[in-house]
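Chain by chain, the residues:
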Amino acid sequence: MMTVIATNTSAMRAANASMSASSALSTAMERLSTGKRINSAKDDAAGLAISNRMASQARSMAMAVRNANDGMSLAQTAEGALGEVTSMLQRMKELATQSATGTLRDSDRTALQAEMSQLTSEIANVSKTTTFNGVKLLDGSASTIKLQTGINSGETIDMKMVKATSADLGLQAQVTSTVVTAALGAGDLQINGGADIIAASANASLVATAVNAQSSTTRVSATAENSMTVAVGAVASSGALTINGLSVTLSPAESNAEALAAKINQVSGSGGNIVASTESGRLKLTAKDGTNITLGGTTTGLSDAKGIDNASLASVTTAAVGRVTLTAEPGAALNITGTGTADAGLTVGSTSAVSIGSQTGASAAMAVIDAALDKISAGRGDLGAVQNRLQSTVNNLTTTSTNLMDAKSRIEDADFSAESTALAKAQILSQASTAMLAQANQSQQSVLKLLQ
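None of these values were measured; they are calculated from a predicted model. (Residues numbered from 1 in each chain as written. Predicted model: local features only at pLDDT ≥ 70, side-chain atom pairs only at ≥ 80, totals over all residues. Heavy atoms only, no water.)

## Observations regarding the sheet that holds strand β16 (residues 349-351)
Taking strand neighbours across the sheet as the criterion, the three strands line up as β6-β15-β16 in an open arrangement whose pairing is antiparallel. At either end of the open sheet lies a strand with only one pairing partner, and these are β6 (190-191) and β16. (Pairing = 2+ DSSP bridges. Helix = DSSP H or I, 4+ residues; strand = E, 2+ residues; numbered from the N terminus.)

As structure tokens, then:
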């Protein structure tokens, strides 16, 4: 080997070794201080991508577990309320059985009927007021509640709710009409001997309003409902569809029921009266207040319009008319008279409420209450079954999440035993390379002896 001083190869090699040792030392100290093997993408690009995906899945699983637990809480809320309804129905069956015996006087049965009416009213109140986070559970407004219990679209569980209003349990007189066909005038419709029900146009919402205006006298209330469906094809590239005056600008992107429903709901907003959805591949429009639904403007691409009774309308722009449901107060009968009841979609007749004011009525009430108990028991059974299912879902998600986090840890987290060893090695190499660099720099001094 030549003796030179212009290039100190040994010093350069020692310097490179010192740099490598310093880098290894820095890496080991970073991993030990953060507890992470991957602190930036340069540490392990593929590992970073995999661990991030696993982290996203784990966080979604944690939220799915919360959703499932919330679903169990909702089911327990509904089931608890139905338990109270069951207790009241059992008491009502007891009262009906007592009233059905021939040893009682009519005055005794009147007292029993008073309690029966109060229990019927409370069942109606329970169904109206049982809510979970603002969602009404037993009044029929939420027949099915969909729970997101997985981390992907479609991984849901449907929870079927029972409609437990006193009318739906057969404890109150109730009649649902067909669609309103014509305006109501004097003499057309009377309820429980009250004044004429007058609605100046064929509109279920107006009929319900007119009925409710006399509720204090007739002891009968009304609700209106209305919807229509249309087939959706290729919509126009420009123009606007109007729904009861609501203007929806169209584009070819809305050439299917799902996209058009989303656009309508976006324009209508949460406070709008018109709600769009899909039903069997068709666009479904629902008026919250039961008023008539009329389409106008650009209706190209819409066809085969059907009303709430699923009957085809004359054209897409024909007004869809709704129907009315009449419900008597607990203990009150529902008597419909008039020369034009068909205009309201009703028929002349009387519907009796569950009454134990007579021995005959009490005997009939026993069968009605038994049917109500069967319905409530079936609903409670469904809720109990779905709670067990949700618990299994929680257990499975928890196990999966635990194993996923274990795998993520192996990719992302630092092994302290290995990193401590690497740190000690890097420290020794750093010190040794620094010492050798000093020796390499001193080695050039021997050249001076050759020059003496």
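Moving on from the coordinates now.
## A short note on the sheet that holds strand β12 (residues 295-297)
Sheets are built from strands paired through backbone hydrogen bonds, the pairs being either parallel or antiparallel. In space, the three strands of this open sheet follow the order β9-β8-β12, with antiparallel pairing throughout. Only two strands of the sheet have a single neighbouring strand rather than two, namely β9 (246-249) and β12. Taking each pair of neighbouring strands and ignoring which way they run, the sheet shows an average axis angle of 30°. Bridge analysis of strand β8 (residues 240-243) against β12 gives three bridges, and the strand direction is antiparallel. In the sheet register, I243 faces β12, and the bridge partner there is L295. Sitting on the sheet, helix α6 (residues 257-268) touches β8 and β9, and the angle it makes with β9 is about 130°. (Axes fitted to C-alpha atoms, helices over the stretch in contact; angles between N-to-C directions. Contact = heavy atoms within 4.5 Å.)

## Let's talk about the UniProt feature "domain: Flagellin C-terminal" (unreviewed entry) in the protein chain
Feature annotation in UniProt places "domain: Flagellin C-terminal" (unreviewed entry) on residues 366-451, given in this structure's numbering. Across residues 366-451, the secondary structure splits into 92% helix and 0% strand, with the terminal C-alpha atoms separated by 127 Å. (UniProt positions renumbered as here; feature names shortened; annotations may be inferred.)

## Quick notes on the pattern of salt bridges
Using the criterion set out here, one finds 17 salt bridges in the structure. The partner of D44 in a salt bridge is R37, and the shortest N-O contact between them spans 2.8 Å. Assessed through its relative accessible area of 24%, R37 is described here as partly exposed. Between R410 and D406 there is a salt bridge, with the nearest N and O atoms lying 3.0 Å from each other. Taken together, the residues R410 and D406, both in helix α7 (residues 359-412) and four residues apart, mark about one turn of the helix. With relative accessibility at 58%, the residue R410 sits in the exposed group. Connected through shared salt-bridge partners, K36, K408 and E412 make up one network. (Salt bridge = Lys/Arg side-chain N within 4 Å of Asp/Glu carboxyl O. Buried < 20%, exposed > 50% of the residue type's maximum accessible area, 1.4 Å probe, protein only.)

## Section: unusual backbone geometry
With a phi angle near 50°, N192 is a residue other than glycine that sits in the positive phi range. Here N192 lies in the loop between β6 and α4 (204-212). Using a relative accessible area of 27% as the deciding quantity, one classes N192 as partly exposed. The backbone of N244 shows a phi angle near 55°, a positive value even though the residue is not glycine. Residue position: N244 is located in the loop between β8 and β9.

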